[in-house]
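The lines below spell out each chain.
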Amino acid sequence: MPSLHDATRGRLLFGGDYNPEQWPEEVWADDVRLMKEAGVNSVTVGVFSWARIEPRPGAREFGWLDRLMDLLHAHGVGVVLATPTSSPPPWMGALHPETLPRAEDGTVVSYGSRQHFCPSSPVYRRYAAALTEDLAARYADHPALTVWHINNEYCTHCWCDETAAHFRRWLTARHTTTDALNEAWGTAFWSQRYDTWSQVLPPRKAQYMRNPAQVLDFKRFTSDALLECFTAERDIVARHSPHIPVTTNFMPMWAGQDGWAWAEQEDVVSVDVYPDSRDPQGGQYNAMLADMTRSQAGGPWMLMEQAAGGVNWRPVNQPKPAGLNRLWSLQSVARGADAVCYFQWRQSRQGAEKFHSAMLPHAGEGGRTFGEVKRIGAELARIGGKVAGTHSTADVAVLHDWDAWWASAQEGRPSTLVDYPDLVRAWHRALWENGTATDFARPESGLDGYRVVVVPQLYLLRDAAVDNLIAYVRGGGTLVCGFFTGVADEDDRVRPGGMDSRLRELFGIRRVHEWWPLDAGTTVECEGLRGTLWSEELEPDGSAETVSAYRGGELDGLPAVLRKGSAWYVSTLPEPEALRGLLGRVTREAGVRPVLEGLPEGVEAVRRGGLLFLLHHGSSTVTVELPEGGWRDLLTGTAAGGRVELGRFGVAVLEDGPA
Amino acid sequence: MPSLHDATRGRLLFGGDYNPEQWPEEVWADDVRLMKEAGVNSVTVGVFSWARIEPRPGAREFGWLDRLMDLLHAHGVGVVLATPTSSPPPWMGALHPETLPRAEDGTVVSYGSRQHFCPSSPVYRRYAAALTEDLAARYADHPALTVWHINNEYCTHCWCDETAAHFRRWLTARHTTTDALNEAWGTAFWSQRYDTWSQVLPPRKAQYMRNPAQVLDFKRFTSDALLECFTAERDIVARHSPHIPVTTNFMPMWAGQDGWAWAEQEDVVSVDVYPDSRDPQGGQYNAMLADMTRSQAGGPWMLMEQAAGGVNWRPVNQPKPAGLNRLWSLQSVARGADAVCYFQWRQSRQGAEKFHSAMLPHAGEGGRTFGEVKRIGAELARIGGKVAGTHSTADVAVLHDWDAWWASAQEGRPSTLVDYPDLVRAWHRALWENGTATDFARPESGLDGYRVVVVPQLYLLRDAAVDNLIAYVRGGGTLVCGFFTGVADEDDRVRPGGMDSRLRELFGIRRVHEWWPLDAGTTVECEGLRGTLWSEELEPDGSAETVSAYRGGELDGLPAVLRKGSAWYVSTLPEPEALRGLLGRVTREAGVRPVLEGLPEGVEAVRRGGLLFLLHHGSSTVTVELPEGGWRDLLTGTAAGGRVELGRFGVAVLEDGPA
Amino acid sequence: MPSLHDATRGRLLFGGDYNPEQWPEEVWADDVRLMKEAGVNSVTVGVFSWARIEPRPGAREFGWLDRLMDLLHAHGVGVVLATPTSSPPPWMGALHPETLPRAEDGTVVSYGSRQHFCPSSPVYRRYAAALTEDLAARYADHPALTVWHINNEYCTHCWCDETAAHFRRWLTARHTTTDALNEAWGTAFWSQRYDTWSQVLPPRKAQYMRNPAQVLDFKRFTSDALLECFTAERDIVARHSPHIPVTTNFMPMWAGQDGWAWAEQEDVVSVDVYPDSRDPQGGQYNAMLADMTRSQAGGPWMLMEQAAGGVNWRPVNQPKPAGLNRLWSLQSVARGADAVCYFQWRQSRQGAEKFHSAMLPHAGEGGRTFGEVKRIGAELARIGGKVAGTHSTADVAVLHDWDAWWASAQEGRPSTLVDYPDLVRAWHRALWENGTATDFARPESGLDGYRVVVVPQLYLLRDAAVDNLIAYVRGGGTLVCGFFTGVADEDDRVRPGGMDSRLRELFGIRRVHEWWPLDAGTTVECEGLRGTLWSEELEPDGSAETVSAYRGGELDGLPAVLRKGSAWYVSTLPEPEALRGLLGRVTREAGVRPVLEGLPEGVEAVRRGGLLFLLHHGSSTVTVELPEGGWRDLLTGTAAGGRVELGRFGVAVLEDGPA
């Protein structure tokens, strides 16, 4: 099986999306000149080129792409070649309106933007396969080709009649009979029993809340329908070039695709990452996405898109301050990225994203942004040989699951204020601020390698996952579990007692009387901490220690945090400082140490392979005392002595060696 | 005519919606055991059972229901049997898409939730009637049957073409000719004149504001169209079992049905009541809904649904604190309920409402919620014989009218901040806090029995209602009238001068120069009070006393509150304390006394039959001094002495008798 | 060419929309009596009379209008006669559903409100033309007729298939070939290339951001499509009565019509003006709309609609306090209006606007509002002979352009907080508060007559406009230019470097590194001012003076305001006081003086013809010292001495003459 290694070959990839079809060919020469200047060794080509290659049904215009591939190869730039299937040309929507998605209310999503295809449309799939076939045949052996990039940010949803038929086929495969479907969906409620498959529809616009199990299955189906689109194209390119790894770029923490299931189908896991430069926790968010993507990849991964400056889809879009692009780029490398790429190489003059930043901005090669890009390119080249392909380890795993997310994000829940990604981020943040190296894992993954497993929230927990968690604790592992976990089974059926009975036994909970979500802007006092978002009326069974009890309010004196041996249950979301303290205590007791002790505020330390990355997210200048031994800073090429000084957004990449 | 008495027979009913189709039959035995334990003597069955009874067009599966009815009867539990017509099975929407409602913009409302039927659809009506016929024939003489429950929370709206045709028939009956329609709707404005009936449509999606008289008639029509659905089914069940009373459950203060008109068609008036447990005025809201429902029923009524704990449709859903369920349940009884029921008996594990609380929650029979339910059941059994069927009296009536509400809730009004239900609630609250027993009445009702009549706001006032109010005052009654009343006639046509001239004469107003609605968050100073929401530039005619004048602002010195004899006009909404003071003065002068004088803060006293209910809405422990005489507390069965002590949410039900 | 002068003939017109079709004819006699009393000499008739004149297809009922025209003429009231084509009768939508607009998502906009026509519909246009033909033939020579009023507030948008076909014809005329279209729209981005014209659609509902050049062209097209509707009717009435001027009423600062292009097609420019009476800057807004309309008209203009009191479309609608109607009416006259009219004469009792105020309100002729109307009528009659037809001059022009507005208001921009009309208003406000007489002009207009030209923002700047601005500065003019100007060319294509290179040279800017829009609620410190909304990372080329530099933050020390000779560039939006100061300095240096020096706070001075208007927008009583010379107040008919005292909302209209 090909892997990212086949593309990196001992280097870090550096570059970005390159859309030369937007520019006259005379600009291309300027592009390759500036790519060389910036140290660009990889560009992603063809993402939105369908109308260029197939300007009318069945036509093929590859000449420009031939010239481009040759030009890039001649200048030593490798090509991540995309199938352009995410944005069909206008002729498809005009000729085959049934390929256009329909919204929940049945209205048509027109062409004129991007991603306007129904993933269940046979016509769309046929055209996409045909084009992929020809593209793969033509470039399979081109020397510039390094990675196949299928489609782009799969994210379309559709509720049309073709989707309905496809959904029914998917449901038949899953549930076999309408009786089983009715049982799984609980259609006895509200008289929703389906008598024949033909009656089953996607969850369309309705009077009131829709069936949550139907909605959950539709989310699963949509992820799978898109995955079929991916694997169909992947199989075509793999047949033509079995030696070339295949990827598609995820959106970060994106609800539309089950990232675990998709990653299994990719040779290379890649992701698009757009933290907000004004977010004080932007660095943590970047770290979290890196940890998650590395965990999906099981090793080095590809940062397929980030912004050199600002984006253009936030209400207010600010550029990155000087140094932030470099900081976050090197942070991604520290956390496993073997490729640092951008959307896009040259900023567009036209179209919907002309105010999205690029490596080469409107300000041109003299602009501040391009200056920083060149510095990053040079530094990646300097450290690439020591970094590329190396792995990192962690003693802590955070469990994350799309089913649990999907099931928890529905109508009719106890609280609309509880947001699954926010919870994952809050728990990861506590670990990150403690300097604890962290992986992500699936609820059913083998967890033996971890000293501590953290569950921010898994509202839905399959039986096998319950088994897994219990076995993990019995095997000596430490489990810390956030509120409203283990409530539902695979079909979003509430487990008797409102929480799985074995889990209750694990944590020493006799009974969950009631969930008490908190109103917006309110908190709940507990011993030693203040809780947010949620609280629970728990009746302990006497076997657990109450680590913290609620104080005042309706739950006065009841346990907020319970601990039974190495199993912890946290029935609220502690404020950041308190959650950090709690996880600090738990990990310390479990023998987990931070990557480096005694770091100044704002400094992150990461080990990858034999290297130690120091990343400073603050503005002041700080001094970091290094561990015993001799250290050399690969970025400066100088010996570090016993300490390193880091200015605003400063980075050091240290190698243990002769001082 | 059958009545609620035929179902209660000297008891208070206690129970809830029971949806056994969601559970395997082995659970049923557990259900009846726990019902007995909780004192449940009535359950509502079949509300959402259409797909279970008629799994495909024309099929009938009654076996399970036969077994259930027998089981319940064997255990002494009466059945409120529902026609399951509020949620057609999927086969109906699939086979007859024209039965599905269409939204204002023409998009289809699909099945997959509930209440997805067009009330004007002949196909829907035909299926509903056929099923009702068979259901009624089968169970008319079943000994468990106590009440027929038609459909559920009628609330669908539809703008489809069949609705349009039905609307035209309704309009033809109302207006006879298109000329009269054009006159009533004022279609000379904006060139909306209809030349033929066939041009008339429901008020669909439009560029700008729609014709308000058309919208008003469409609201009337929709209420009537739903009422036709009700009466059609009612007539069927009544034919089969003339001795069994019939009801349908209202939503509280619900705009979709004219509650007065509907109540006339019911043997039993029932309502679903869901105050927010976090609302400091939740107790008053519960009292208001009880007063309104009792007034609609003309006596005892049925609390068809409430929540034992939290609901699941608010943004944040909290349970009820210990004791609140009991307090509000007994408050409903105090104010005329002869049935205290819940949605639902056993909390669902699946479906859209699995996080809606139930009498028997996920926590099971050991849960706190079920404990309180059992206590309530026992107490209702204890007091039932003394309470059931008894009446109460009031000296004050609040006027309420759906036409006025509908007409005032439209686009293009002086202020979108004025909300009709909020006004009704504000005025009722002042009376409630004063301890004044209060009924509701229609603007045209006989009012002679009341010392004081309160009009929070009747923007639209029919001629007969104007006559009625004037006759009432001439007959010695005291009338207190809120702002923006009497502005429009039955067709939402502004009366000359902006307020009916006879009303102006009644209050001593020569001219209404301008309405001055207040901006959000602003108030207006008046002598002795602060006004909110609204003010008016009034020119008095010299015959009235200015009770309070505006101070400062554009209306400085103009009258805010006018009084001419026993007719009061209040041109703003006084802040709660001031409105309470104003109504205290008015009622006192009219000889109205509170139920009990000198009550501690938070304690409500209600008389029903010969009993005195004391209900404590606060948290502190308070002592209530009782009137002369000997009192016995029916809940404890002990003599009360001269005083009663009430803790948080405490209740006493006192009978005058030997101490 | 006829002009407004043909209608005014030395008087100021005073009156309003008159909709007698809403009233029985016996009311008409009362109307003309009260019109005489109020000094009304002009009414607008027929705006919404289509269904009255053509109650069914092809019918003609003119009798009522004959009688009305005769009646008005007999009472000396001139008629602005409208073609009633803005609101087709219901029969048209019922018989020809394709005349109804479709929204972006394809749903139908029904009749039942107003303006429910697709401007591209041939059927609609055919009916409109036929009716206009007959109307014009019948009344062309009626002695009451003074002005033709075509349609009303053109504002419909449509995305239907007929619109699509029309849009394609318009695009073909503009771009000639699909290649040119693809080039202009930048369809190489996101694979949007059009292979044939038939594929091109209006920008309908899409997954994500739509092509901005397509959206821009669609806005241009919609303005032009509506303009075709206008000119078609204009040509008909002009053929019948070449001596009668033609107008259509603009909505103020309305995005839907390119006011400059439309004004060229009108004999009379008229506008509907609805400042919020609670807006502290309402007077400035009224002034700005007057300045803009006067500039479009090139002289006297017609205030076609304003409100005598409140409107009914704001969330909270308050009346005008006493005197405000008079103040704003005379302010409009001071700034060039030769007609002061209202929507509407008599307040409706029915329909969607019955709570919109009128000259003759619900309160009737005894109401406060009508009292003020009579006073205004009398005063306009008094000053009319001296005012009507006169012109005014200004040394400052503000540039305004619909293309720039349209292009800047799209998705995917740096900041959604930047609102073009707000910017224009902020800059005009600074000039207004400085007492600087101001015109508006187009970017390509001859600017030689102005000492100072102000550009609040012209994001899109055509090449000719760049030429024009540069020539203007070279010719000695002073140019002050707000941020984010000159960024895009005519097709919304970003100019190389992010700002036109010649403009950069003009202002002394070497490079625009980045735009830094500000977050909501934040500001940026600069030397001598505080900036809002926006900042820019500019690299000066050394040829300009830094008037103010950023202080602190990411841009510390970089220029905020640059000046190179008489060319100023302001890269943020200074707070109001600071912008006022900056423009005060610039205009002073350019030799521009305020209309009057040393005015008390809140007093506005305007010169028109030989008259000096003093308008007091405040509540206190103030004294204005008059310039040397003798002054007579035309409103009081008395000599003014050396000073004038003005109370709340006070006005003086002064003529230089014997004291």
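About the cut-offs
Residues numbered from 1 in each chain as written. Chains lettered and ligands numbered in written order. Predicted model: local features only at pLDDT ≥ 70, side-chain atom pairs only at ≥ 80, totals over all residues. Least-squares fit on C-alpha atoms with pLDDT ≥ 70 in both. Contact = placed C-beta atoms within 7 Å. Nonpolar A, V, L, I, M, F, W, Y, C, P; charged D, E, K, R; others polar. UniProt positions renumbered as here; feature names shortened; annotations may be inferred. Helix = DSSP H or I, 4+ residues; strand = E, 2+ residues; numbered from the N terminus. Buried ≥ 20, exposed ≤ 12 C-beta atoms within 10 Å, placed from the backbone. Pairing = 2+ DSSP bridges.

Asks: Would you explain the relation of the copies chain B and chain C in this entry?
Replies: Between the two chain copies there is a screw-like relation: a rotation about an axis and a shift along it. Overlaying chain B with chain C gives an RMSD of 0.0 Å, the required rotation being 120° about an axis along which the chain moves by 0.0 Å. Taken together, these values place the two copies in the relation of a three-fold axis. Among all residues of chain B, the minimum C-alpha distance to the rotation axis is found for Thr 107 of chain B, at 4.4 Å. The residues that chain B uses at the interface reappear at the interface of chain C in only 2% of cases, marking distinct surfaces.

Asks: Sorry, what's going on with the interface of chain B and chain A here?
Replies: For an interface, size is often stated in terms of accessible area lost upon the parts coming together. Facing 48 residues of chain B, the contacting portion of chain A comprises 46 residues. Here the residues of the side of chain B that touches chain A sort into 19 nonpolar, 21 polar and 8 charged.

Asks: Even after reading the chapter, I still don't get the UniProt feature "binding site: Zn(2+)" (unreviewed entry) in chain A, so can you show me in this structure?
Replies: Residue and element names in this part refer to chain A. Taken from the UniProt record, the annotation "binding site: Zn(2+)" (unreviewed entry) applies to Cys 118, Cys 158 and Cys 160. Of the residues just listed, which span 43 residues, no C-alpha pair is farther apart than 8.0 Å, and they cluster in one region. By the element assignment, Cys 118 lies in the loop between helix H5 (90-95) and helix H6 (122-139). Those residues in contact with Cys 118, other than ones at most four positions away along the chain, are Thr 99, Leu 100, Pro 101, Tyr 124, Cys 158, Cys 160, Glu 162 and Thr 163. In this structure, Cys 158 sits in the loop between strand S4 (145-149) and helix H7 (161-175). Other than its neighbours up to four places away in sequence, Cys 158 contacts Pro 101, Arg 102, Cys 118, Pro 119, Ser 120 and Thr 163.

Asks: I would appreciate a short explanation of the pairing of strand S20 (residues 567-570) of chain B in the present structure.
Replies: Put simply, side chains in a regular strand alternate between the two faces of the sheet. All names here are of chain B. Alternating residues of S20 divide into Ala 567 and Tyr 569 and Trp 568 and Val 570, and every residue in both groups is buried. In terms of strand pairing, strand S13 (residues 478-482) meets S20 through 4 bridges, oriented parallel. For Cys 481, the partnering residue across the bridge sits in S20 and is Tyr 569. Relative to S20, strand S19 (residues 559-564) runs antiparallel, the two sharing 4 bridges. By the bridge assignment, Lys 564 is partnered in S20 with Ala 567. With antiparallel pairing between neighbouring strands as the criterion, S19 and S20 make up a hairpin whose turn holds 2 residues, including Gly 565 at a positive phi of roughly 65°.

Asks: What am I meant to see in the environment of Trp 254 of chain A here?
Replies: All names here are of chain A. Residue placement: Trp 254 occurs in the loop between strand S6 (249-250) and helix H10 (259-264). On the neighbour-count criterion, Trp 254 (15 C-beta atoms within 10 Å) is partly exposed. Residues Trp 254 and Tyr 342, spaced 88 residues apart in sequence, show a C-alpha to C-alpha distance of 19 Å.

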